[in-house]
Amino acid sequence: MDIKNKIVVVTGASSGIGKAAAELLTEQGARVALVARSENKITELAKKLPDSFPIVADMSKENEIKDMIEKIKNHYGRIDILINNAGQGYGSPVEKIDPDKFRYLFDLNVIGPMVAMQTVIPIMRSQGGGMIVNISSGTSYMYMPSLGAYSATKRALNGLALTARAELEKDNIKVSLVHPYITATDFYKNTIKTEGAGGHVRESENGERPQPDTAEYMAEKILEVIRSEAPEQFAHEWMSKDK
Ligand SMILES: NC(=O)c1ccc[n+]([C@@H]2O[C@H](COP(=O)([O-])OP(=O)(O)OC[C@H]3O[C@@H](n4cnc5c(N)ncnc54)[C@H](OP(=O)(O)O)[C@@H]3O)[C@@H](O)[C@H]2O)c1
């Protein structure tokens, strides 16, 4: 899909990958709705991005997601692309996963993106098509100590997204996944952590550990998948071998 003049919703636009994507897509001629809980951050960002629209919503809350999509539709008159990027990590051995924290993570990383998809689908269908990009994770195809809860949410997101892709083909709505590798953002700082939970770094095929990617690099990957409309886009090709 060509990005120029498209109306794009980016969730989690206040920081990291979402912020970099909002900046890059605006640069490429899109008009971007900036969604997050941090009102100050998205209001400041909106001042720098022409024709953007900051809107506060908690992506773990169904009613706030529906209201947010409706307000964006009313503001721009249409929605061409949804980027489900808001998310959080959880580092804990399975033995110590707190069910309440896991439920919250599931609401944010799985149910939230699903409700956002459900809300934009009729809008896109009535417009003759659209695109939904879901930010998953390379860990969604891995089984790494302490990442059980987090990777389970992203695995669930993969299942919903690729099923929706098949279901919506007839409506010309493309649904894709993007799988970041370790990316230098506030993600680790914001990760829910259980004491004693270690982090694990996946080595590439030649045994080297690549440096973390930048948020700007991942924004380029998001742009790449919008253009290619491929089902899945990995930060690095070697990551697809874990599938
Ligand atoms: N960084 C990595 O290494 C990495 C690797 C694989 C996948 N990912 C995925 O990439 C996506 C972006 O992460 P990031 O690295 O950019 O992390 P980040 O810097 O922590 O950004 C997370 C974004 O999500 C928003 N967010 C968190 N909880 C929210 C909620 N309840 N409601 C609305 N927005 C919420 C945050 O905004 P507010 O706090 O203002 O609401 C922020 O804008 C996530 O889905 C993450 O799982 C990241």
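Right above here is the structure, for reference.
Note that the coordinates shown come from a computational prediction; the quantities given were computed from them, not determined experimentally.

1. Remarks on the environment of Ala46
The residue Ala46 is located in helix 2 (residues 39–48) in this model. Sequence separation between Ala46 and Ser14 is 32 residues, and the spatial gap between their C-alpha atoms is 10.0 Å. Discounting residues that sit within four places of it in the chain, Ala46 has contacts with Leu34, Ser52 and Pro54.

2. Some words on the packing of aromatic side chains
What the rule picks out here adds up to 5 aromatic pairs. The interplanar angle of 35° and the centroid separation of 6.2 Å between the aromatic rings of Tyr141 and Phe234 together place this pair among those described as tilted. With Tyr141 in the loop between strand 6 (130–135) and helix 5 (148–168) and Phe234 in strand 9 (residues 232–234), this residue pair connects regions lying 93 residues apart in the sequence. Classification of Phe234 as buried rests on a relative accessible area of 8%. For the ring pair Tyr150 and Phe187, a centre distance of 5.4 Å and an interplane angle of 55° mean the geometry is tilted. Of this pair, Tyr150 sits in helix 5 while Phe187 sits in helix 6 (residues 187–190), and the two are 37 residues apart along the sequence. In this structure, Lys193 packs its charged tip against the face of Tyr188, placed 4.7 Å from the ring centre.

3. Thoughts on the site of the ligand
The full set close to the ligand counts 30 residues, and Ser15, Arg37, Ser38, Tyr150 and Thr185 are the nearest of them. At a separation of 3.1 Å, an oxygen atom of the ligand approaches a polar backbone atom of Gly12. With respect to the ligand, the backbone of Met59 contributes an N or O atom lying 2.8 Å from a nitrogen atom. In isolation the ligand offers 890 Å² of accessible surface; the protein chains occlude 94% of this area. Where the shell around the ligand is concerned, the elements lending two or more residues are helix 1 (16–27), helix 4 (99–127), helix 5 and helix 6.

4. Brief notes about the pairing of strand 1 (residues 7–11)
Each regular strand shows side chains that alternate between the opposite faces of the sheet. The element strand 1 is extensively covered by neighbouring structure, given that 5 of its 5 residues are classed as buried. Burial along strand 1 is two-sided: Ile7, Val9 and Thr11 facing one way and Val8 and Val10 facing the other are all buried. A crossover connection joins strand 1 to the parallel strand 2 (residues 31–36) through helix 1; in handedness this β-α-β unit is right-handed. When strand 1 meets strand 4 (residues 81–84), the two strands line up parallel, connected through 3 bridges. In the sheet register, Val10 faces strand 4, and the bridge partner there is Ile83.

The rules behind each value
- Residues numbered from 1 in each chain as written.
- Predicted model: local features only at pLDDT ≥ 70, side-chain atom pairs only at ≥ 80, totals over all residues.
- Heavy atoms only, no water.
- Helix = DSSP H or I, 4+ residues; strand = E, 2+ residues; numbered from the N terminus.
- Contact = heavy atoms within 4.5 Å.
- Phe/Tyr/Trp six-rings, centres within 6.5 Å; stacked < 30°, edge-to-face > 60°.
- Buried < 20%, exposed > 50% of the residue type's maximum accessible area, 1.4 Å probe, protein only.
- Lys NZ or Arg CZ within 6 Å of the ring centre and 35° of its normal.
- Near = heavy atom within 4 Å.
- Polar contact = N/O pair within 3.5 Å; in protein donor to acceptor, adjacent residues only side chain to side chain.
- Areas by Shrake-Rupley, 256 points an atom, 1.4 Å probe, with all protein chains shown as cover.
- Right-handed = clockwise from strand over helix to strand, strands pointing away.
- Pairing = 2+ DSSP bridges.

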